[in-house]
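Spelled out from the first residue to the last, the chains are:
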Amino acid sequence: MYFIIELMRIKFLLRILLNCDNKQYPSRTYQRGNYWVLENYVRATHGNINCYESITYTTHGDFTFLDNAIPLVKRWKAPVGMSLFAPGTDFKPTIDSIRYLRECTGEDGELLKKFMTFHIFFHADHIPLTVPSAESLLQEAFECPESPPYESFKHEKMFKTLKHLTYPINVGRNVARDAAITHFVFPSDIELYPSLNVVPNWK
C-alpha cells in the first residue's frame, strides 16, 4: 500500500514539475530535408501515455538489424520508437520483417506489438515504387516464412548496397527521437540492449 501511494506521489510531482503536454501518435508523412518520413507507420498498441509517466527508448537502423527488436523490447517493456531506412526496393523486405516480428513470433510478437512503433524513412531520390497505408498493409494476409526476412535476405542484394548509399545515421536518430510521445527519451544504438526492466522498476 505504501509503495502505491509513493508511486502516485512521484507521478503527481513529475506532472507538476515537467509541465509537459501529452502527445498523440497518429501516422503521418512529412519531409525532413532530402528525406521522406513515414512517422508512426506501424504503431504500437499501448495507446496514449501520459508524457510524464514513462521513458521512450529510441533507436534506428535498417531491416537487417531487426533481429535485435525482440530482445530489446523484452528488456525495456515500455515505449520503443524504431526508425528504419528503407529506400527503393528495401521497402518490401523492411515491411515483411516488421510483419514477421509482429505476426510470427508468438508471445514475443504480442509484446512487440504492444510497445514498439516503427517509422520508415528514405531519400527523395529513392522512393519505393508503392507505399500503401499501414492500415491496409496490416490487413493483408501474411504467410510466415521459415526464416525471418531480416536474416534470409542477402546483404549484397539490398537496394542500399547496390546503390552504394551511405546510411544517414543522424536522420534515423532524429526521426525516432522527435516522434517520442514521452518527455523522457533514451536514444541508443540498436545493438546496445538496456538493463532488464529499467522502466517498470522505475515506475
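Owing to the predicted nature of the structure, the values given are computational and were not obtained by experimental measurement.

Attention now moves to the sheet that holds strand 4 (residues 80-85). The strand order 1-2-5-4-3-6 describes an open sheet built from six strands, whose pairing is mixed. Here the strands that pair on one side only, and so sit at the sheet edges, are strand 1 (28-32) and strand 6 (184-187). Each neighbouring strand pair of the sheet contributes to a mean axis angle of 25°, computed without reference to strand direction. In the packing of helix 2 (residues 69-76) onto the sheet, contacts are made with strand 3 (55-61), strand 4, strand 5 (116-123) and strand 6, and the angle to strand 3 comes to roughly 170°. Packing of helix 8 (residues 169-178) onto the sheet brings it into contact with strand 1, strand 2 (35-42), strand 3, strand 4, strand 5 and strand 6, and relative to strand 3 it is tilted by some 155°.

Our next topic: the state of the cysteines. Should the sulfur atoms of two cysteines be covalently bonded, the bond is a disulfide. Overall, the coordinates contain two disulfides when judged by the stated rule. Between the sulfur atoms of C20 and its disulfide partner C51 the distance amounts to 1.9 Å. Residues C20 and C51 share a disulfide whose torsion about the S-S bond is about 90°; that sign makes it right-handed. With C20 in the loop between helix 1 (2-18) and strand 1 and C51 in the loop between strand 2 and strand 3, the pair connects residues that are 31 residues apart, well separated along the chain. Each bonded cysteine of the protein gets a number by its place in the sequence, and the pairs then read 1-2, 3-4.

On to the environment of E39, then. Here E39 is to be found in strand 2. Residues within four places of E39 in sequence aside, it is in contact with P26, S27, R28, Y30, H119 and A179.

If the charged atoms of two oppositely charged side chains come close together, the side chains can form a pair. According to the stated counting rule, one finds eight salt bridges in the structure shown. When the shortest N-O distance is used, the salt bridge between R32 and D178 registers 2.7 Å. Here R32, found in strand 1, pairs with D178, found in helix 8; they are 146 residues apart in sequence, far enough to count as distant. Of the residues examined, D178 reaches a relative accessible area of 39% and is grouped as partly exposed. Here E103 makes a salt bridge to R99, at a shortest N to O gap of 2.9 Å. Linking E103 with R99, this pair stays in helix 3 (residues 91-103), spanning four residues, or about one helical turn. Under the relative-accessibility criterion, E103 is labelled partly exposed at 33%. Through salt bridges that share partners, R32, R177 and D178 make up one connected network.

Moving on: helix 3. For helix 3, with 13 residues, the first-to-last C-alpha span of 18 Å sits near the 18 Å given by 1.5 Å per residue. Counting buried residues along helix 3, eleven of its 13 residues qualify, which places the element largely inside the surrounding structure.

Once that is clear, we can look at unusual backbone geometry. The phi angle of most residues is negative, glycine excepted, and most peptide bonds adopt the trans form. Look at N19: it is not a glycine, yet its phi comes out positive at around 50°. Its place among the elements puts N19 in the loop between helix 1 and strand 1. For N19, a relative accessible area of 63% translates into the label exposed. Unlike most non-glycine residues, K77 shows phi in positive territory, near 50°. If you trace the backbone, K77 turns up in the loop between helix 2 and strand 4.

Calculation criteria
- Residues numbered from 1 in each chain as written.
- Predicted model: local features only at pLDDT ≥ 70, side-chain atom pairs only at ≥ 80, totals over all residues.
- Heavy atoms only, no water.
- Pairing = 2+ DSSP bridges.
- Helix = DSSP H or I, 4+ residues; strand = E, 2+ residues; numbered from the N terminus.
- Axes fitted to C-alpha atoms, helices over the stretch in contact; angles between N-to-C directions.
- Contact = heavy atoms within 4.5 Å.
- Disulfide = S-S within 2.5 Å.
- Salt bridge = Lys/Arg side-chain N within 4 Å of Asp/Glu carboxyl O.
- Buried < 20%, exposed > 50% of the residue type's maximum accessible area, 1.4 Å probe, protein only.
- Expected span 1.5 Å × (residues − 1).

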